[in-house]
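Read off the chains here:
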Amino acid sequence: MELIELTEELIQSAEKRSSGQPYPYFIKNLKAIGVDNYEVKVKNHKRTYTSVTGEKLIIAGDLPEFECAETFELESVKAAIRRTQEGITDYPTFLREIGGAGIHTYVADLSGMKVIYQGPNSEYEYEEIIPEI
């Protein structure tokens, strides 16, 4: 794979190519440009992308900030994930729902093909496998 410098435009291009498709297509597009993982701050959508070479790209939050709950509610987290996977909720709504269920950050591990949802401290987390396409 050709290593490409991560830029906000490159990430936006991957988002655009994946628009309207299930989440695994976005992951496939990110992997194609050399992204190893990314972390999302739920409260404002600030994203940190890390390339396979360790290069980091930080994209400022672009959604209205809100406070995430301090109580981790696993079943509410799972329900919010299902709703967004089924196309019932949009992404900003998804962030508010998982934030309300106590998720403060999530990390998409592209090499491990999983998303790790993290609560207010490290003892609370939930992992979902990203399906291969």
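Above this note sits the structure.
All values reported here derive from a predicted model rather than from experimental measurement. (Residues numbered from 1 in each chain as written. Predicted model: local features only at pLDDT ≥ 70, side-chain atom pairs only at ≥ 80, totals over all residues. Heavy atoms only, no water.)

Q: Could you clarify how one ought to interpret the pattern of salt bridges in this entry?
A: When the charged atoms of two side chains with opposite charge come close together, those side chains can pair. In the structure shown here, the tally under the stated rule is eight salt bridges. Across the pair Arg47 and Glu15 runs a salt bridge whose closest N-O atoms are separated by 3.6 Å. With Arg47 in strand β2 (residues 46-51) and Glu15 in helix α1 (residues 8-18), this residue pair connects regions lying 32 residues apart in the sequence. A salt bridge links Glu127 to Lys114; the shortest N-O distance between them is 3.8 Å. Here Lys114 lies in strand β5 (residues 114-118) and Glu127 lies in strand β6 (residues 125-129), a separation of 13 residues in the sequence. Taking the relative accessible area as the measure of exposure, Glu127 reaches 39% and is therefore partly exposed. Judged by its relative accessible area of 22%, Lys114 is partly exposed. (Salt bridge = Lys/Arg side-chain N within 4 Å of Asp/Glu carboxyl O. Helix = DSSP H or I, 4+ residues; strand = E, 2+ residues; numbered from the N terminus. Buried < 20%, exposed > 50% of the residue type's maximum accessible area, 1.4 Å probe, protein only.)

Q: So what exactly am I meant to see when it comes to the packing of helix α3 (residues 74-85) against helix α4 (residues 91-100) here?
A: Geometrically, a packed helix pair is captured by the angle between its two axes and the distance between the axes. It is the contact of α3 with α4, at a shortest axis distance of 8 Å, that shows an interaxial angle of 170°. As summarised for this structure, α3 and α4 are arranged roughly antiparallel, according to the angle between their axes. When α3 is examined against α4, the residues Val77, Ala80, Ile81, Arg83 and Thr84 are found in contact with a partner set consisting of Phe94, Glu97 and Ile98. Looking at the contact of α3 with α4 residue by residue, the classes come out as five nonpolar, one polar and two charged. (Axes fitted to C-alpha atoms, helices over the stretch in contact; angles between N-to-C directions. Parallel < 35°, antiparallel > 145°, perpendicular 65-115°, else oblique. Contact = heavy atoms within 4.5 Å. Nonpolar A, V, L, I, M, F, W, Y, C, P; charged D, E, K, R; others polar.)

Q: What am I meant to see in the side chain of Arg47 here?
A: A relative accessible area of 5% means that Arg47 is categorised as buried. Here His45 takes part through its backbone oxygen, which lies 2.9 Å from a polar atom of the side chain of Arg47. Not counting the four nearest positions on each side in its chain, Arg47 is found in contact with Glu15, Glu39, Val40, Leu57, Ile58, Ile59, Ala60 and Asp62. (Polar contact = N/O pair within 3.5 Å; in protein donor to acceptor, adjacent residues only side chain to side chain.)

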